[in-house]
Amino acid sequence: FPVAAARCEDAQDEAFQEEMSEWLVQNGMPDLRFGDVQWRALTLGSAVVAELASRAVDLLPAEGKPPVLRLLLSLPADWTLEQRRGAGLWFRHLAASFGWPAAQVVLPEADSALASATASCTELARTAAKETAPVVALVMACASHIGQDIVDEWAGKGILFTSGRPQGLVPGEGAAGLLLTDVRLAQSIASTLFALLDPAEQAPRETATPARQRANPALLGELAQRAGRRGETEMADIAMVVA
């Protein structure tokens, strides 16, 4: 592998592939195929969904009908519609296997899996603001960009990290997720620690940014100022801004 790469040791799991492949056959998708890089993303994403689903059961009411668990996924844009649909159904099955009633786990249409995690969180905040019923969601994003074809593509476009191109892209992979609920439900759970999220601040660049150019510090500063003005946080209290 001729470049630096951010590989994840946990992305290769043959036992997981066998388990999911068997589940696909049992659920009417025997011909659905994933490439090596896609399997790595699925492996990492499944670990995140499993961890968050195991914590989500703490939000189930002691009695009465449980709220809907919205499963919001951000999957790689180059996956086919069938692959996104199959992966979504698997993640739904996985989330339900930890105790949330399967009938109450809702999965959006497969084409909506292209939505960014930021857009999903923003829409969820709007929903929570206008609904009286509890809002619970599991947001997950996963991707793997370490395949040789991806490296060759980036090299051909002149955007791959090299010693002569230190601002280039480094092939990597990963998955991350958030377990989200409205403030009312979070506060009703005794001894629960949670972080309060405000809507994201976004702004487009005025012009396209070359791959080698660093992020625009003025734009980042403006977004941080806007985020600080939205709530009660003073800029002096902010320890770090991550973009």
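Computed from a predicted structure; not experimentally measured. (Residues numbered from 1 in each chain as written. Predicted model: local features only at pLDDT ≥ 70, side-chain atom pairs only at ≥ 80, totals over all residues. Heavy atoms only, no water.)

Enquirer: Give me the packing of helix H1 (residues 14-26) against helix H3 (residues 81-96): which residues, what numbers.
Expert: Two packed helices can be described by the angle between their axes and the distance between those axes. Two elements in contact, H1 and H3, have axes separated by 11 Å at closest approach and are oriented at 105°. The orientation of H1 with respect to H3, classified from their angle, is roughly perpendicular. Counted together, Phe 16, Glu 19, Met 20, Trp 23 and Leu 24 of H1 and Gly 86, Ala 87, Leu 89, Trp 90 and His 93 of H3 form the full contact between these two elements. Per-class residue counts for the contact of H1 with H3 are seven nonpolar, two polar and one charged. (Axes fitted to C-alpha atoms, helices over the stretch in contact; angles between N-to-C directions. Helix = DSSP H or I, 4+ residues; strand = E, 2+ residues; numbered from the N terminus. Parallel < 35°, antiparallel > 145°, perpendicular 65-115°, else oblique. Contact = heavy atoms within 4.5 Å. Nonpolar A, V, L, I, M, F, W, Y, C, P; charged D, E, K, R; others polar.)

Enquirer: Describe a negative patch on the surface, naming the residues involved and giving the relevant values.
Expert: A surface patch of like charges, here negative, comprises Glu 9, Asp 10, Asp 13, Glu 14, Glu 18, Glu 19 and Glu 22. Its place among the elements puts Glu 18 in helix H1. On the accessibility criterion, Glu 18 (56% relative accessible area) is exposed. (Patch = residues over 30% accessible without salt bridge, like charges linked within 9 Å, V, L, I, M, F, W, Y side chains within 5 Å. Areas by Shrake-Rupley, 256 points an atom, 1.4 Å probe, with all protein chains shown as cover. Salt bridge = Lys/Arg side-chain N within 4 Å of Asp/Glu carboxyl O. Lys, Arg positive; Asp, Glu negative; His and termini not counted. Charge placed at Lys NZ, Arg CZ, Asp CG, Glu CD. Buried < 20%, exposed > 50% of the residue type's maximum accessible area, 1.4 Å probe, protein only.)

Enquirer: How would you summarise the packing of aromatic side chains if you had to cite specific residues and measurements?
Expert: What the rule picks out here adds up to five aromatic pairs. Measuring from centroid to centroid gives 5.9 Å for Phe 16 and Trp 90, while their planes differ by 70°, and the two rings are edge-to-face. One end of the pair, Phe 16, is in helix H1; the other, Trp 90, is in helix H3, with 74 residues separating them in the sequence. Residue class for Trp 90 comes out buried when judged on its relative accessible area of 1%. Between the aromatic rings of Trp 23 and Trp 90, the centroid separation amounts to 5.6 Å while the plane-to-plane angle is 70°, which identifies the pairing as edge-to-face. On the criterion of sequence distance, the pair formed by Trp 23 in helix H1 and Trp 90 in helix H3 is long-range, its members being 67 residues apart. For the pair Trp 23 and Trp 90, a shared accessibility class is recorded, and that class is buried. These aromatic residues form a ring-pair network of at least three members: Phe 16, Trp 23, Phe 34, Trp 39, Trp 79 and Trp 90. (Phe/Tyr/Trp six-rings, centres within 6.5 Å; stacked < 30°, edge-to-face > 60°.)

Enquirer: Could you give an account of the environment of Gly 168, naming the residues involved and the relevant values?
Expert: Checked against the element boundaries, Gly 168 lands in the loop between helix H5 (148-157) and strand E4 (173-181). For the pair Gly 168 and Val 135, spaced 33 residues apart in sequence, the C-alpha to C-alpha distance is 40 Å. Setting aside anything within four residues of it in sequence, one finds Gly 168 in contact with Ile 159, Leu 160 and Phe 161.

Enquirer: Quick one: what's the story with the pattern of salt bridges, residue by residue and with numbers?
Expert: In total, this model carries seven salt bridges according to the counting rule given. Here Glu 131 ties to Arg 70 by a salt bridge, and the two come within 3.5 Å at their closest N and O atoms. Of this pair, Glu 131 sits in the loop between helix H4 (117-130) and strand E3 (136-144) while Arg 70 is found in strand E1 (residues 69-74), placing the two residues 61 residues apart along the sequence. The residue Arg 126 makes a salt bridge to Glu 123 at a minimum N-O spacing of 3.2 Å. Of this pair, Arg 126 and Glu 123 both sit in helix H4, three residues apart, roughly one helical turn. Judged by relative accessible area, which is 40%, Glu 123 ranks as partly exposed.

Enquirer: How would you summarise the sheet that holds E1 if you had to cite specific residues and measurements?
Expert: Strand order across the open sheet formed by four strands is E2-E1-E3-E4, with mixed pairing between neighbours. Strands with a single pairing partner mark the edges of an open sheet, and in this sheet they are strand E2 (105-106) and E4. The sheet contacts of H4 involve E1, E3 and E4, and relative to E1 the element is tilted by about 155°. (Pairing = 2+ DSSP bridges.)

Enquirer: I'd like a description of a nonpolar patch on the surface, backed by residues and values.
Expert: Residues Val 183, Phe 194 and Leu 196 make up a contiguous nonpolar surface patch of roughly 290 Å² in combined accessible area. Mapped onto the elements of the fold, Leu 196 is located in the loop between helix H6 (183-188) and helix H7 (217-230). Residue Leu 196 is classed as exposed on the basis of its relative accessible area, which comes to 61%.

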